[in-house]
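What follows is the residue order along each chain.
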Amino acid sequence: MKTILSITSAAIALVASPVAAQDRTGDVQIKLMGTAVLPDGEIDEVNVDAIGLPANLDTRANDNVIPKASIEYFVTHNLSFETIVGITQHDVDTVSGFPAGTELVSDARLIPATITAKYHFDAGGIKPYVGAGPAYFLWVSDEPGAATIPLGVTDTDLSDEFGFALQAGVDIPVGDSGFGLTLDAKRYFIDTTARWFAGDTLVIETEHNLDPWLLSAGVSYRF
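Residues numbered from 1 in each chain as written. Predicted model: local features only at pLDDT ≥ 70, side-chain atom pairs only at ≥ 80, totals over all residues. Heavy atoms only, no water.

As named in an unreviewed UniProt entry, the chain is OmpW family protein, taken from Erythrobacter ani.

Pasting the structure below:
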């Protein structure tokens, strides 16, 4: 009887004990994801106003869904560094001051260059993480919105800026071959200066809070 109890106790202990996590030091992980880009775009300050903008003018950048890739290197089992690859396009429209939806900036294309340091937790079958790091928003193109062209605007410029990103997510391994599913959320804290020109003359300059969320889901492969 004692032998049976000993064997049973040992079996229970074996099942209850967590399996030692495979060491990820030196591993590379690649992710392919669909990403919802959800910016703000509200006006923080008006610096130049040569046309008499409404006092209650405010704006918003539209949302977008894009494909995005990331590559990550594990310095230790729990610490990694990640960068992302993607480009997103947005329009900037009014939400007050002018009729809602009045287009001020068209087809603004943005590369949200980001590097984050991530700390990974071992939580059984899932791998949650948190991260933070610098970001640089590089606008590769932007055009005057349809509503500004009749006012004589010939060019629009959005300034490239440095900012900061916070990150949280979870990796879910599928089997033991390196494949998995992934969920990721990033919040950026970053602004831009928008300028509208009529020929060589600056007619409007405004400061905008972008502060976008990037919400992603996709697949991963670690090797």
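We now examine the pairing of strand β9 (residues 155–158). The side chains of a regular strand alternate between both faces of the sheet. Burial of the side chains of β9 is restricted to one face: Thr156 and Leu158 are buried, whereas none of Asp155 and Asp157 on the reverse face is. Bridge count between β9 and strand β12 (residues 191–198): 4 bridges; the pairing is antiparallel. Residue pairing for β12: Asp155 is matched across the bridge by Phe197. (Buried < 20%, exposed > 50% of the residue type's maximum accessible area, 1.4 Å probe, protein only. Helix = DSSP H or I, 4+ residues; strand = E, 2+ residues; numbered from the N terminus. Pairing = 2+ DSSP bridges.)

Attention now moves to the pattern of salt bridges. On inspection of all chains with the given rule, the structure shows 11 salt bridges. When the shortest N-O distance is used, the salt bridge between Asp122 and Arg24 registers 3.5 Å. Remark: Arg24 occurs in the loop between α1 (2–16) and β1 (28–38) and Asp122 occurs in the loop between β7 (103–120) and β8 (127–144); sequence separation between them is 98 residues. Exposure remark for Asp122: the relative accessible area of 39% places this residue in the partly exposed category. For Arg24, a relative accessible area of 4% corresponds to the buried category. Across the pair Asp122 and Lys127 runs a salt bridge whose closest N-O atoms are separated by 3.4 Å. Assessed through its relative accessible area of 15%, Lys127 is described here as buried. If you follow the salt bridges from partner to partner, you end up with Glu72, Glu82, Lys118, Asp184 and Lys186 in one network. (Salt bridge = Lys/Arg side-chain N within 4 Å of Asp/Glu carboxyl O.)

Within the secondary structure, His90 is located in strand β6 (residues 88–96). Within the structure, the side chain of His90 is placed 2.6 Å from the backbone oxygen of Asn62, a separation counted as a polar contact. Discounting chain neighbours no more than four positions away, the residues touching His90 are Val37, Pro39, Asn62, Asp63, Asn64, Ser106, Asp107 and Ala108. (Polar contact = N/O pair within 3.5 Å; in protein donor to acceptor, adjacent residues only side chain to side chain. Contact = heavy atoms within 4.5 Å.)

Judged by pairing direction, the sheet is antiparallel, and its 4 strands sit side by side in the order β2-β13-β12-β9 without closing on themselves. Each edge of the sheet is formed by a strand with only one pairing partner; in this case those strands are β2 (42–49) and β9. Neighbouring strand axes in the sheet, compared pairwise and without regard to direction, differ in orientation by 20° on average. (Axes fitted to C-alpha atoms, helices over the stretch in contact; angles between N-to-C directions.)

Next up on the list: the nonpolar core. Within the largest apolar cluster, 26 residues are counted, with the highest numbers of intra-cluster contacts made by Val105, Phe137, Trp139, Leu158, Tyr188 and Trp196. Taken together, the elements giving at least two residues each to this core come down to β7, β8, β12 and β13 (201–209). With 4 residues, the top contributor of residues to this core is β7. When near neighbours in sequence (up to four residues on either side) are disregarded, Tyr188 contacts Ile84, Pro112, Thr114, Ala135, Phe137, Phe164, Ala165, Asp211, Pro212 and Leu214. (Core = buried A, V, L, I, M, F, W, Y, C linked by side-chain atoms within 4.5 Å.)

Residues Thr59 and Ala61 line the buried face of strand β3 (residues 58–61), whereas the alternating positions Asp58 and Arg60 sit on a face that is not buried. By the bridge criterion, 4 bridges tie β3 to β6 in an arrangement that is antiparallel. Looking at the pairing, Ala61 lines up with Val92 of β6.

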